[in-house]
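Descriptive analysis of the structure
Here is how the chains run, residue by residue.
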Amino acid sequence: RSLVGSEMCIRDRLTLVAHNKAFDESCLKAVFRMYGMDYPDYDFRCTLQASRRAIKGLPDYRLHTVAAWCGYRLGQHHHALADAEACAWIARQII
């Protein structure tokens, strides 16, 4: 029962944010398919796309480069929590 309530809350209120939305969304959709669940129409934002539009002249637009430009030091790149925090920091700056 609480899972359904949480799922409804996520579907109705939260925006998902990723740095390279295409990759993260494809993984999420694969998990939903694996469990035979319908994929909700999440509001999904991409900090990679947004940073390419908003920030000119970076040598690349990898997560740690954009995070540094936004003032965030990403110490443990490819650690899920650290990457999520960096992505949130970027989103607050440019989305």
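Above this text you will find the structure in question.
This one's a predicted model, so the numbers in the text were calculated from it and none came from an experiment.

**Section: the pattern of salt bridges**
- Under the defined criterion, the tally for this structure stands at 3 salt bridges.
- Measuring nitrogen to oxygen at the nearest pair gives 4.0 Å for the salt bridge that ties E25 to K21. Here E25 pairs with K21, and both are found in helix α2 (residues 21–34), just 4 residues apart, close to one helical turn.
- Exposure remark for E25: the relative accessible area of 14% places this residue in the buried category.
- For K21, a relative accessible area of 24% translates into the label partly exposed.
- R45 is the partner of D43 in a salt bridge, and the nearest nitrogen-oxygen pair spans 3.3 Å.
- Judged by relative accessible area, D43 falls into the partly exposed class, the value being 34%.

**Considering the packing of aromatic side chains**
- Here the structure, examined in full by the defined rule, presents 4 aromatic pairs.
- Summarising the aromatic geometry, the rings of F32 and Y39 are spaced 5.3 Å apart at their centres and angled 85° between planes, so their arrangement reads as edge-to-face.
- Residue classification places Y39 among the partly exposed residues on the basis of a relative accessible area of 25%.
- Centroid distance F32 to Y42: 6.4 Å. Interplanar angle 75°. Geometry classified as edge-to-face. One end of the pair, F32, is in helix α2; the other, Y42, is in the loop between α2 and β2 (43–46), with 10 residues separating them in the sequence.
- What makes F32 buried here is its relative accessible area of 10%.

**Describing the side chain of H19**
- Tracing the backbone shows H19 in the loop between β1 (15–18) and α2.
- Looking at H19, the relative accessible area reads 15%, which means it is buried.
- Here the side chain of H19 touches Y61 through a polar contact of 2.8 Å, landing on its backbone oxygen.
- Setting aside chain neighbours within four positions, we find H19 in contact with D24, T47, L48, S51, Y61, R62, L63, V66, C87 and I90.

Conventions we followed
- Residues numbered from 1 in each chain as written.
- Predicted model: local features only at pLDDT ≥ 70, side-chain atom pairs only at ≥ 80, totals over all residues.
- Heavy atoms only, no water.
- Salt bridge = Lys/Arg side-chain N within 4 Å of Asp/Glu carboxyl O.
- Helix = DSSP H or I, 4+ residues; strand = E, 2+ residues; numbered from the N terminus.
- Buried < 20%, exposed > 50% of the residue type's maximum accessible area, 1.4 Å probe, protein only.
- Phe/Tyr/Trp six-rings, centres within 6.5 Å; stacked < 30°, edge-to-face > 60°.
- Polar contact = N/O pair within 3.5 Å; in protein donor to acceptor, adjacent residues only side chain to side chain.
- Contact = heavy atoms within 4.5 Å.

None of this, on its own, says anything about what the molecule does.
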